[in-house]
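What follows is each chain in one-letter form.
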Amino acid sequence: MHGMTTENERIEVAEEIYENPADYDLEVAAHAVHDLPFWTTLVRRERPRRVLEVGCGTGRLTLPLAQLGATEGFTTVGLEPALPMLQQATARAADAPAATRAALHFVQGDIRDCAFDEPFEIILLPYGAAHHLATIEDQLTAWRNAHRLLAPGGLLVVDLSAPNLAQLAAASGRTTPRAEDLVAEGDEGQQLRRTVAVSYDAANQEALMDYRYVVRAPNGEERRYASPFAMHVYYPRELALLFASTGFVLERLLGSYAGEPFSDESPQLIAIGRTE
Ligand SMILES: C[S@@+](CC[C@H](N)C(=O)[O-])C[C@H]1O[C@@H](n2cnc3c(N)ncnc32)[C@H](O)[C@@H]1O
């Protein structure tokens, strides 16, 4: 693969949903997240040569970024530890125009220890990828490695869910009753239903999202599986410290994909730092 070294023993994504990329795509489509204009505007403004998307999953954002790169002259690298997700992304890219494919590389790896031959001007961690970094050591290692991978003056952008204090309080020291939180219908008649029970470990800032999935195929066959997600909950000043202690200047904390500054009401917590 293109300019990379990986240590496969470090690749340890446990979430079952990432073993089922078609289910992931159904789930993410049901969320109808409108983050692409945010990323394309941000990337275009920086006039990069190379962009790294960390946790690129099935290529939802990677492909449109590569399409933009084909016209604006930059290459997009999608980094992803979960092989089934990467295979789905690669299959999706096979249908893209040749110019888009030429501006795109997928690499299996982990932001904590990947290495590349050439630097990036922008590293993105979209759609909550950094919630998977469970410990302070994981986070510092990831931020430091991102710094190593960036050119001087390069940008690291981390998109997270803002802490929802009411929800976390309701799940603090107890497990919330299991409830259905998502139903998704596919074009071919498949259906995905997701339930969740949440418990919040406030001392470790970890929300255990105990997701369970029931996926019904068009022929009526059902698959059921659990895919618990131990989600690190970031607070704004913790992010400021993470950036400051790993060689970045934190330029902005945004609260939504519309680009408003972060506030008490913000749904997102998007941190933008630049290497010193
Ligand atoms: C919520 S998904 C986002 C996928 C895609 N960017 C999207 O927007 O649809 C988070 C992704 O981050 C990946 N991930 C988790 N830990 C990672 C790590 N340490 N390094 C790189 N990617 C990671 C997961 O495998 C998963 O595909």
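Residues numbered from 1 in each chain as written. Predicted model: local features only at pLDDT ≥ 70, side-chain atom pairs only at ≥ 80, totals over all residues.

Further remarks concern the overall build of the chain. In terms of helices and strands, the chain carries eight helices and 14 strands. In terms of overall size, the chain behaves like a compact globule, its C-alpha atoms giving a radius of gyration of 18 Å where 276 residues would be expected to give roughly 19 Å. Reported as C-alpha extents along the three principal axes, the dimensions of the chain are approximately 50 × 45 × 40 Å. Considering the chain as a whole, with its 276 residues, one finds that 38% of them fall into the buried category. Counting only contacts in the chain whose residues sit at least 6 apart along the sequence, the fraction spanning at least 24 positions is 70%. (Helix = DSSP H or I, 4+ residues; strand = E, 2+ residues; numbered from the N terminus. Rg over C-alpha atoms; globule rule 2.2 N^0.38 Å. Buried ≥ 20, exposed ≤ 12 C-beta atoms within 10 Å, placed from the backbone. Contact = placed C-beta atoms within 7 Å.)

Bringing the domain arrangement of the chain into the picture now. Parsing the chain into structural domains produces domain 1 (4-163 + 234-275) and domain 2 (165-231). For domain 1 versus domain 2, the separation of C-alpha centres amounts to 23 Å. Each partner contributes to the interface: domain 1 provides 11 residues, whereas domain 2 provides 16 residues. Among the residues forming the side of domain 1 that touches domain 2, the class breakdown is six nonpolar, one polar and four charged. (Domains from an automatic or database assignment. Nonpolar A, V, L, I, M, F, W, Y, C, P; charged D, E, K, R; others polar.)

A few words on helix 2 (residues 36-46). Turning to helix 2, its buried residues number three or more, namely Phe 38, Trp 39 and Val 43. Taken around the axis of helix 2, the buried residues stretch over an arc of 115°, which confines them to a single face. In helix 2, the exposed positions angled more than 90 degrees off the buried face are occupied by Pro 37, Thr 41, Arg 44 and Arg 45. In the core, the buried residues of helix 2 are packed alongside strand 2 (50-54), helix 3 (62-72) and strand 6 (120-125). Backbone geometry just downstream of helix 2 places Arg 47 in the positive-phi region, at approximately 45°. (Arc of directions from axis to C-beta.)

Surrounding the ligand, one finds 22 residues, the nearest of these being Gly 55, Gly 57, Tyr 127, Ala 129 and His 132. Its residues placed into classes, the shell around the ligand shows 14 nonpolar, four polar and four charged. (Near = placed C-beta within 6 Å.)

Attention shifts here to the sheet that holds strand 14 (residues 268-275). Taking strand neighbours across the sheet as the criterion, the seven strands line up as 4-3-2-6-7-14-13 in an open arrangement whose pairing is mixed. Each edge of the open sheet is held by one strand with a lone partner, namely strand 4 (104-108) and strand 13 (248-254). Strand-to-strand twist in this sheet, taken as the mean axis angle between neighbours without regard to direction, amounts to 20°. Sheet strands in contact with helix 4 (residues 83-94) are strand 3 (75-80) and strand 4, and its direction is about 165° off that of strand 4. (Pairing = 2+ DSSP bridges. Axes fitted to C-alpha atoms, helices over the stretch in contact; angles between N-to-C directions.)

Right, let's get into helix 8 (residues 236-244). By the burial criterion, the buried members of helix 8 are Leu 239, Leu 242 and Phe 243. Around the axis of helix 8, the buried residues are gathered within 95° of arc, so they sit on the same side. Exposed residues pointing more than 90 degrees away from the buried face of helix 8 are listed as Arg 237 and Leu 241. Where the residues of helix 8 are buried, they touch helix 6 (136-149), strand 13 and strand 14.

Position of Gly 59 among the secondary structure elements: in the loop between strand 2 and helix 3. Owing to 27 C-beta atoms within 10 Å, Gly 59 belongs among the buried residues under this scheme. For the pair Gly 59 and Phe 106, spaced 47 residues apart in sequence, the C-alpha separation works out to 8.9 Å. Not counting the four nearest positions on each side in its chain, Gly 59 is found in contact with Gly 78, Ala 89, Arg 92 and Ala 93.

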